[in-house]
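# Descriptive structure summary
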Amino acid sequence: MESKRLAGEKAVDFVEEGMVLGLGTGSTVYFTLVRLAERVKQGLNIKGVPTSIETERIARHLGIPLVNSGEAGKIDVAIDGADAIDSHFTLIKGGGGALLREKMIALAADRFIVVADPGKFVTDLTHVNLPVEIIPFARELTEIHVKGLGCTTRLRMKDNKPFITDNGNFILDCSFSEIIEPNDLQMKLNRIPGVVENGLFAGLADQIITVDHSGKAAVLET
Ligand SMILES: O=C[C@H](O)[C@H](O)[C@H](O)COP(=O)(O)O
């Protein structure tokens, strides 16, 4: 938890007066939101675009001014967490189910900063399941096509019912035995009718903020 706090808080050093920020989702970004709210109380003028209903709720509670993407016009910096990061700084996201809005905001932002504790760094992306958001209609058909790309799939459940995303969709957690070309895999996944988006974020991260061996926040430029 201490690593998440250090990484999450450090991201706020890169926030400047007047910026529009993409506000990611999860337990690491939570610390970004808390620090950001302190700076807002001290007079910093920023606006946030939340990537999930949960982040919207927390940000409102903390008093961070929010806008939607239309009102924002542009997003200067998006700050978000990750479930896995490989040596090419390709990410897997969506452990909390927020991958679709997160990817839209990361792509729209001029700069994408990832905050992650050291446990998120993996030698191989297959160590983590890849979340894929699919529409509920005929989900068995979608699942057959997704499996055809070389994975096993599990429909994400919550309280004995399918987990429903903020967009009213399901999540398939996919276990691949190899992910050699993430960009190729994302394209193939997103071409399947019924797939809305996948949790692979390749070539998107500009900076990764983590914690080094001495326990201090470290900023990696990608
Ligand atoms: O859907 C959730 C997001 O992709 C999160 O950013 C990701 O799961 C990392 O979350 P945490 O910071 O809680 O490990």
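Reading the values: the criteria
Residues numbered from 1 in each chain as written. Predicted model: local features only at pLDDT ≥ 70, side-chain atom pairs only at ≥ 80, totals over all residues. Heavy atoms only, no water. UniProt positions renumbered as here; feature names shortened; annotations may be inferred. Helix = DSSP H or I, 4+ residues; strand = E, 2+ residues; numbered from the N terminus. Rg over C-alpha atoms; globule rule 2.2 N^0.38 Å. Buried < 20%, exposed > 50% of the residue type's maximum accessible area, 1.4 Å probe, protein only. Contact = heavy atoms within 4.5 Å. Polar contact = N/O pair within 3.5 Å; in protein donor to acceptor, adjacent residues only side chain to side chain. Core = buried A, V, L, I, M, F, W, Y, C linked by side-chain atoms within 4.5 Å.

Identification of the protein as Ribose-5-phosphate isomerase A from Peribacillus deserti is taken from an unreviewed UniProt entry. According to the UniProt record, the Function (unreviewed entry) comment for the protein reads "Catalyzes the reversible conversion of ribose-5-phosphate to ribulose 5-phosphate."

On a plain count of helices and strands, the protein comes out with seven helices and 15 strands. Against the 2.2 N^0.38 benchmark of 17 Å for 222 residues, the protein shows a C-alpha radius of gyration of 17 Å, consistent with a compact globule. For the C-alpha atoms alone, the extent of the protein along its principal axes is close to 55 × 40 × 30 Å. Burial statistics for the protein: of 222 residues in total, 52% are counted as buried. Within the protein, contacts between residues separated by at least 24 positions form 72% of all contacts whose residues are at least 6 apart in sequence.

Turning our attention to the environment of L36. Take L36: it is sitting in helix α2 (residues 29-41). C-alpha separation for the pair L36 and A11, spaced 25 residues apart in sequence, amounts to 9.2 Å. Not counting chain neighbours up to four residues away, the residues in contact with L36 comprise V12, V15, L21, L23, L44, I46 and I64.

In this numbering, the UniProt entry assigns the feature "active site" (unreviewed entry) to E102. A residue is classified by how much of its surface remains accessible, and E102, at 4% relative accessible area, is buried. Non-local contacts of E102, meaning those with residues more than four positions away in its chain, are made with T25, T51, D80, K93, G94 and F201. Within the structure, E102 has its side chain in polar contact with the side chain of K93 (distance 2.9 Å).

Turning next to the nonpolar core. Core analysis: the largest hydrophobic core is formed by 23 residues, its most contacted members being L21, L36, I46 and I64. Among the secondary structure elements, those contributing two or more residues to this core are β1 (20-23), α2, α3 (53-62), β3 (75-80) and β6 (109-115). If you tally residues by element for this core, the top one is α2, at five residues.

Take unusual backbone geometry next. At F89, a position not held by glycine, the phi torsion is positive, near 60°. Topologically, F89 is positioned in the loop between β4 (84-85) and β5 (91-92). Non-glycine residue N160 carries a positive phi angle of around 65°. Among the secondary structure elements, N160 is positioned in the loop between β9 (157-158) and β10 (161-162). Using a relative accessible area of 75% as the deciding quantity, one classes N160 as exposed.

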